[in-house]
Amino acid sequence: MTRFITGRLIGTLPVLFGVTLLVFLLLKFVPGDPVVALLGEDAQGLSAAQLDQLRQAYGFNDPWAVQYGRFLTEFGSGQLLSLKTQTPVLTEILHRFPYTLLLTTVALTLSVVIALPLGIAAALRRDTVWDHVITTISLLGISIPSFWFAIMAMLLFSLQLGWLPASGSGTPAHLVLPAATLAFGTLAIQIRMMRATLLETLPQDYVRTARAKGLAPRGVLRHALRNAMMPVVTVIGLEFGSMLGGAAITESIFAWPGLGRLTLDAVNSRDIPLVQGVVVFAAVVFTLVNLAVDLLYGFLNPKVQYG
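Residues numbered from 1 in each chain as written. Predicted model: local features only at pLDDT ≥ 70, side-chain atom pairs only at ≥ 80, totals over all residues. Heavy atoms only, no water.

- An unreviewed UniProt entry lists the protein chain under the name Peptide ABC transporter, with Deinococcus ficus given as the organism.
- Turning to the protein chain, the UniProt record has this under Sequence similarities (unreviewed entry): "Belongs to the binding-protein-dependent transport system permease family."
- UniProt, in its Subcellular location (unreviewed entry) section for the protein chain, records the words "Cell membrane". (UniProt positions renumbered as here; feature names shortened; annotations may be inferred.)

Here's what the structure looks like:
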């Protein structure tokens, strides 16, 4: 087990290197001048020579290899500074990450609690009215864009009914709408995956053998779920990692101060070090979540061997 974890962590180093290099190169092709975007209206009063001096001071005129090496060194040592706030990028990220972690955890818990029973019910009642209703719900969840659902939820529960705050953070009520928005999109995928994998598992020989031995229906279902849950756990892990990286649209609509909103603000202001730092941090989090999912396979199926 230790050798497996160590090998996976070492194997992530080339991936993280590739992510940092790709993000660095893509940001170089983004239209616009980062110094002008940083200064805003103040840039209009500066001459071309003054703007060039600022680019030189921020290191934008250095060769790309030098800029990339400086980024890796400063980020690794925690000395990479945001262009806009002049505070360490890692400090900004760690300040926002708990908000995203809270939102993601609540949203994913809500979706799992709703999706798994519905997916199981749809599989056990295949081609019945219940199956059609549940699959229709999942189809709506996949088809409806998250930003549209967020706006409609805000109009109904905040502006019309006045039950919940429309935006911001600070109380549990502020968490309801953004968590429900994230959960609605993810539960649709989980419902369909749970239904599909369980339908594939129930006709298997070991499940029929369990029935033939007189195992109660609930015991047969529990027997089948161990294998059926493995693809579902993979999907849940991928969704969790993606949302931890920052649910940008949802956080922006509801003014939730998480990583997603931080990323959008950094992109709009051309705060290149902050964008790079957030992407690298999200890649690390995603990698660790995938490792946790791999370890969970051994709990669901003891036959899984870690090499």
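## Considerations on the overall build of the protein chain
Then comes step 1: Per the secondary structure count, the protein chain includes 13 helices and zero strands.
Then comes step 2: Along the chain direction, N to C, the helices and strands of the protein chain fall in the order α-α-α-α-α-α-α-α-α-α-α-α-α.
Then comes step 3: In terms of overall dimensions, the protein chain has C-alpha extents of about 85 × 55 × 30 Å along its principal axes.
Then comes step 4: The buried share of the protein chain, reckoned over its 307 residues, is 39%.
Then comes step 5: Of all intrachain contacts in the protein chain linking residues separated by at least 6 positions in sequence, the fraction that spans at least 24 positions is 72%.
Then comes step 6: On the protein chain, the mean spot of the 20 positive side-chain charges and the mean spot of the 16 negative ones are 17 Å from each other. (Helix = DSSP H or I, 4+ residues; strand = E, 2+ residues; numbered from the N terminus. Buried < 20%, exposed > 50% of the residue type's maximum accessible area, 1.4 Å probe, protein only. Contact = heavy atoms within 4.5 Å. Lys, Arg positive; Asp, Glu negative; His and termini not counted. Charge placed at Lys NZ, Arg CZ, Asp CG, Glu CD.)

## Here we look at the domain arrangement of the protein chain
Then comes step 1: Examined at the domain level, the protein chain breaks down into domain 1 (1-89) and domain 2 (92-300).
Then comes step 2: The C-alpha centroid of domain 2 is placed 32 Å from the C-alpha centroid of domain 1.
Then comes step 3: Contacts between the two partners involve 31 residues from domain 1 and, on the opposite side, 21 residues from domain 2.
Then comes step 4: For the pair domain 1 and domain 2, the summed buried area comes to about 2,200 Å², and 72% of that belongs to carbon and sulfur atoms.
Then comes step 5: The tally of links from domain 1 across to domain 2 stands at zero salt bridges.
Then comes step 6: For the pair domain 1 and domain 2, the interface holds six residue pairs in polar contact (both at pLDDT 80 or more).
Then comes step 7: Counting only elements with at least two residues in the side of domain 1 that touches domain 2, the list comes to helix 1 (2-28), helix 2 (34-39) and helix 4 (64-77).
Then comes step 8: Counting residues per element, the side of domain 1 that touches domain 2 draws most heavily on helix 1, at 11 residues.
Then comes step 9: Partitioning the side of domain 1 that touches domain 2 into residue classes produces 22 nonpolar, six polar and three charged. (Domains from an automatic or database assignment. Buried area = accessible area lost by both parts, 1.4 Å probe. Salt bridge = Lys/Arg side-chain N within 4 Å of Asp/Glu carboxyl O. Polar contact = N/O pair within 3.5 Å; in protein donor to acceptor, adjacent residues only side chain to side chain. Nonpolar A, V, L, I, M, F, W, Y, C, P; charged D, E, K, R; others polar.)

## A look at the nonpolar core
Then comes step 1: Ranked by size, the top nonpolar core spans 28 residues in total, and within it Met194, Leu198, Leu225 and Met229 carry the most contacts.
Then comes step 2: For this core, the secondary structure elements donating two or more residues are helix 5 (89-124), helix 8 (172-201), helix 9 (205-212) and helix 10 (217-244).
Then comes step 3: Judged by nonpolar contacts, the second largest core, of 25 residues, contains Phe60, Tyr68, Phe97 and Leu259. (Core = buried A, V, L, I, M, F, W, Y, C linked by side-chain atoms within 4.5 Å.)

## What to know about the UniProt feature "transmembrane region" (unreviewed entry) in the protein chain
Then comes step 1: With numbering matched to this structure, UniProt assigns "transmembrane region" (unreviewed entry) to residues 12-30, 99-124, 136-159, 171-189, 232-254 and 274-300.
Then comes step 2: Along residues 99-124 one finds 100% helix and 0% strand; the C-alpha atoms at either end are 38 Å apart.
Then comes step 3: As annotated, residues 136-159 comprises 92% helix and 0% strand, and the C-alpha atoms at either end are separated by 28 Å.

## Description of the packing of helix 5 against helix 12 (residues 259-268)
Then comes step 1: Interaxial distance between helix 5 and helix 12 falls to 8 Å at its minimum, and their mutual angle equals 135 degrees. With respect to each other, helix 5 and helix 12 are oriented oblique. Residues Glu92, Ile93, Arg96, Phe97 and Thr100 of helix 5 lie in contact with helix 12, whose contacting residues are Leu259, Gly260, Arg261 and Leu262.
Then comes step 2: Looking at the contact of helix 5 with helix 12, its residues break down into four nonpolar, two polar and three charged. (Axes fitted to C-alpha atoms, helices over the stretch in contact; angles between N-to-C directions. Parallel < 35°, antiparallel > 145°, perpendicular 65-115°, else oblique.)

## Some thoughts on unusual backbone geometry
Then comes step 1: Positive phi, close to 60 degrees, is recorded for Gln86, a residue that is not glycine.
Then comes step 2: Along the chain, Gln86 turns up in the loop between helix 4 and helix 5.
Then comes step 3: Using a relative accessible area of 44% as the deciding quantity, one classes Gln86 as partly exposed.

## Brief notes about the packing of helix 5 against helix 10
Then comes step 1: It is at 11 Å that the axes of helix 5 and helix 10 come closest, and there the two elements cross at 150 degrees. Our classification of the angle between helix 5 and helix 10 gives roughly antiparallel. Judged by the sense of rotation from one axis to the other, the crossing of helix 5 with helix 10 is right-handed. Residue-level contacts link Phe97, Thr100, Leu101, Thr104, Thr105, Leu108, Val112, Leu116, Ile120 and Leu124 of helix 5 to Leu221, Leu225, Met229, Val232, Ile236, Glu239, Phe240, Met243 and Leu244 of helix 10. (Left-handed = near helix turned anticlockwise from the far one by under 90°.)

## Considering the pattern of salt bridges
Between side chains of opposite charge, a pair can form as their charged atoms come close.
Then comes step 1: All told, the structure shown has one salt bridge when counted by the stated rule.
Then comes step 2: For Asp131, the salt bridge goes to Arg195, with nearest N and O atoms at 2.9 Å. Note that Asp131 is positioned in helix 6 (residues 129-143) and Arg195 in helix 8, a separation of 64 residues in sequence. Neither residue differs from the other here; Asp131 and Arg195 are each classed as buried.

## Let's talk about the side chain of Thr104
Then comes step 1: Here Thr104 is to be found in helix 5.
Then comes step 2: For Thr104, a relative accessible area of 1% gives the class buried.
Then comes step 3: Leaving out residues up to four positions away in the same chain, Thr104 has contacts with Phe240, Met243 and Leu244.

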